[in-house]
Every structure is written in C-alpha cells, then in structure tokens.
Amino acid sequence: MCISQLLFFSFILSAHVANGETDTNTYSPWNAYSPRVADTTVFEGDGGSYHSWSSSNFPLLGESKVGAGILLLHPHGFVLPHYADSKKISYVLQGSCTVGMVSPSASKEKVVVIKEGDAIPIPIGLVSWWFNAGDSDTVIVFIGETSISQISGEMTYSFLTGTVGVLRGFSTEFISKAYNLNPNEANKLVENQTGGVAVKLSEGIQIPQPQNYAENYDEFASTLTTAVEFTSLEQVGLSFKHVKLGGNAVFQPAYVTDLVQVAYVIKGSGRVQFAGANGEKLLDATVKAGELFVVPRFVVAIEIADAQGMEYLSVLTSSKPVIWELSGKTSIWKAFSPVILQASLSVSPEFAHIFLANTVPMPTKIEL
C-alpha cells in the first residue's frame, strides 16, 4: 500500500511557529497564489509525524506540478525504509538526522548525518530511512517536483515495511514463493511488522554510522544550489537557493520561463507581490515562518522582509535554472541601449540614469 499526500503542514510543529501557535494568514481564500500553511496530517505516532500541503486546498501545487511536506522526528524516531514518486530537496530546519540511502543494485546502504541548515537531494524512487539520534526534535521540510507523481501536486510514499508496507499487498502464497519461505514464515514476515511510517526505537539499538563521513557528506549534503556546483542535483533535476534578507531588505524582481519556484519561509516574515500579464497584480500578501508560496512560470515576483528580516528556502524545478532579473547587477534593463530605455519608459535621459543607478542590490545573503 502507499501513503499518499505528504503532509500538508499546518505548522503544528511548534519549533517553527512563534510560541508554538499556528499563525493565521491574512490572504484571501479566493486568491490562488496566496501563501499557505500545511493542512494535512498524513501520520502521527510515537516516533513523529508528517504533514503536507494538499493540492485540493492549494490547487496551484497541482497546476505547477510541485509538492511539499514537513517531517517531525522525536528523539529516537525512525522513519521506516520507503521510496517516493517524486524527486525532491530536503532541508533541515531544526536538529540533526541520520539518513540511510539505498540505490538500485547497491550492495550496501550509504549513511550520512545532516544537521540544521543542510540540504540533501533525493532522486525519484530512491529507498531511504531517517533516524533522529539526538535528544531534541528534528524538523525537515521536503519540496519536490511531481510531474509524474500519482497525484499531481502531492508526493506519494511507498513503504517497504510496517503496517502499510508493500509486503502486505501480497498473498501468503506469493510471499512464500518470492522469498522461499513456508506459509508460517511468510505470515511471520508480514505480521511481525506492527509499526507504521515513523516508530520510536529503543535506546539500545545501534543505528549504522556514516562511512567515510567527509566523502559521503559532500556527496549528499550541500548548501549549493545548481548541478554545476553539486553533481547529485543533476540526477534530481532540481536546484535551490537559501535567501537571508536583513530588516526591510528586498529580493530583486525576477521571473523564470522554464521552471517553477516553491518557497518555504524558515524564519521571520515579510511581504510578497506577484505581477502577471497586462500589468495584473496577482498577489499582495504577508508571508510568515512556516508558510509556503509558489511562483509560477512567467510571473514576476518581489519579496520584501519586515523589520526583523526574513529567511526562506526556494526550490527550483530545474538543475540549471535561467532567471531573468529586472533589478540588480544583471538587470535586463541594463542591456538596453539608452535610447531604447528612454523611449520604452517615456523618461528623460537624466531619469533613465537615475533608474539604472538605483536598481536594487542583491539581498543581505543568498547561498546558491
């Protein structure tokens, strides 16, 4: 069986909503572009919980073929081995996590440890398990591309073991023949698996430690964004940027033509505006920690932080994104000859000079 809809995160996860309370956004329900908090609890148990954004409540996810979810792992929480129908980037919001990965025909799992601020790409179909070896909760956000997923806009997970494991989908006869077991052994193989999705392991269990830590860590975890800098991202077909805006800082207006951007607000708050064809204002909304917003193709977006600043993760559905910037050092405006710029904007040469000289610089910090 499959666990569908990675949890639409209503940040019940108190670690990332101020004072442990879920913020109520001020967006208008009718605006398809408005930021959303996760709204679906896919699983909740002793080991942890998983929450997702539902495409039924956030149709733009399905239209853009992207999805997202939040994993909360309690100390000694263990997510059973599984695979998904989407490729994704996982980013550690809080704590640390031991991750085991098994590739096709691999003779041994690869084990890495990721901590707060680390990102790890997960190719489609890759089998992995996740374990919190620490003494406090671990929180991880997953953002992925769902163009070939079972449900567009949502990530569906299939577990190899547990109460929802794929083995439960087969009869005793098939299990017996596939694994060369007698019927009693076949029943035992399936029925002994009583935990589901995320379980809590006893403290005495020794989870595998990373092998050749530095080498494997570099292979799977990085703060870089593109496939040019991190070859594993080429496999996944995604990239990401980690943006930190200082108080009242702005991220310059830009648009993309060949990909979709999915942004998750890690800390702080701010405002975001979208502009579309015919000068239409598509969105003017406040965004807060724990909210997700999607920037579709061809839509120009600007983000401005509030006085306390804002930090967000943006996943792009291409390993080598092309971003068209309308401000900053690489602004498209600067490529125009003076006469074309003046004629297009209907301004004097003096004002055109001021306009170009005052274009917005890059934000306080951006990790690409």
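Thresholds, definitions, all that
- Residues numbered from 1 in each chain as written.
- Predicted model: local features only at pLDDT ≥ 70, side-chain atom pairs only at ≥ 80, totals over all residues.
- Heavy atoms only, no water.
- 1 Å grid on protein atoms, 1.4 Å probe; cavity = no way out; pocket = protein on both sides within 12 Å on 5 of 7 lines; lining within 4 Å.
- Points joined across faces, edges and corners; volume = space filled by probe spheres on them.
- Helix = DSSP H or I, 4+ residues; strand = E, 2+ residues; numbered from the N terminus.
- Nonpolar A, V, L, I, M, F, W, Y, C, P; charged D, E, K, R; others polar.
- Buried < 20%, exposed > 50% of the residue type's maximum accessible area, 1.4 Å probe, protein only.
- Contact = heavy atoms within 4.5 Å.
- Polar contact = N/O pair within 3.5 Å; in protein donor to acceptor, adjacent residues only side chain to side chain.
- Patch = residues over 30% accessible without salt bridge, like charges linked within 9 Å, V, L, I, M, F, W, Y side chains within 5 Å.
- Areas by Shrake-Rupley, 256 points an atom, 1.4 Å probe, with all protein chains shown as cover.
- Salt bridge = Lys/Arg side-chain N within 4 Å of Asp/Glu carboxyl O.
- Pairing = 2+ DSSP bridges.
- Axes fitted to C-alpha atoms, helices over the stretch in contact; angles between N-to-C directions.
- Parallel < 35°, antiparallel > 145°, perpendicular 65-115°, else oblique.
- pLDDT = per-residue confidence, 0-100.

Moving on, we get to empty space enclosed by the protein. One pass over the full model with this rule turns up 2 cavities of 30 Å³ or more. The calculated volume of the second largest cavity comes to roughly 110 Å³. Lining the second largest cavity are 13 residues, and of these Lys241, Phe251, Gln261, Ala301 and Glu303 lie nearest its centre. Breaking the lining of the second largest cavity down by element, the ones donating at least two residues are strand S16 (250–256), strand S17 (261–275), strand S19 (291–295) and strand S20 (300–316). Per-element accounting of the lining of the second largest cavity gives the leading share, 4 residues, to S20. Of the residues assigned to the lining of the second largest cavity, the class counts are 8 nonpolar, 3 polar and 2 charged.

Among the secondary structure elements, Trp129 is positioned in strand S11 (residues 127–131). We classify Trp129 as buried; its relative accessible area is 7%. It is 8.3 Å that separates the C-alpha atoms of Trp129 and Thr98, two residues lying 31 residues apart in sequence. Excluding residues within four positions of it along the chain, Trp129 makes contact with Phe78, Val79, Leu80, Pro81, Thr98, Val99, Gly100, Glu109, Val111, Ile207 and Pro208. Side chain to side chain, Trp129 and Glu109 meet in a polar contact 2.8 Å long.

The next thing to look at is a nonpolar patch on the surface. Judged by side-chain polarity, Phe336, Val339 and Ile340 come together as a nonpolar surface patch covering roughly 270 Å² of accessible area. The topology assignment puts Val339 in helix H6 (residues 338–345). By relative accessible area, which is 55% here, Val339 ends up exposed.

The next subject is the pairing of S16. A regular strand places its side chains on the two faces of the sheet in alternate fashion. A large share of S16 lies buried, amounting to 5 of its 7 residues. As paired elements, S16 and S20 share 3 bridges and run antiparallel to each other. Across the sheet, the residue bridging to Phe251 is Glu303, located in S20. One ladder, built from 3 bridges, connects S16 with strand S21 (residues 323–325); its direction is antiparallel. Counterpart to Ala254 in the pairing with S21 is Glu325.

Let us now look at the packing of helix H2 (residues 172–179) against helix H3 (residues 183–191). Contact pair H2 / H3: the axes reach a minimum separation of 9 Å and the direction vectors enclose 100 degrees. Relative to H3, H2 is oriented roughly perpendicular. Residue-level contacts link Thr172, Ile175, Ser176 and Tyr179 of H2 to Pro183, Ala186, Asn187, Leu189 and Val190 of H3. For the contact of H2 with H3, the residue count by class is 6 nonpolar, 3 polar and no charged.

Put simply, the chain has an average pLDDT of 82, and 83% of its residues get 70 or more. Ignoring residues within four places in sequence, the model shows residues 1–29, a span with pLDDT below 50, making 113 contacts including any to other chains. In this model, residues 212–225 is a region of pLDDT below 50 whose contacts with residues beyond four sequence positions or in other chains number 42 contacts.

The next point concerns the pattern of salt bridges. For the structure on display, the rule yields 3 salt bridges. Between Arg168 and Glu191 there is a salt bridge, and its shortest N-O distance comes to 4.0 Å. With Arg168 in the loop between strand S13 (157–159) and H2 and Glu191 in helix H3, the pair connects residues that are 23 residues apart, well separated along the chain. As a salt-bridge pair, Arg271 and Asp284 come within 2.6 Å of each other at their nearest N and O atoms. Highlighted residues: Arg271 in strand S17 and Asp284 in strand S18 (residues 281–288), separated in sequence by 13 residues. Overall, the relative accessible area of 41% leaves Arg271 in the partly exposed class. Accessibility expressed as a relative area gives 37% for Asp284, which makes it partly exposed.

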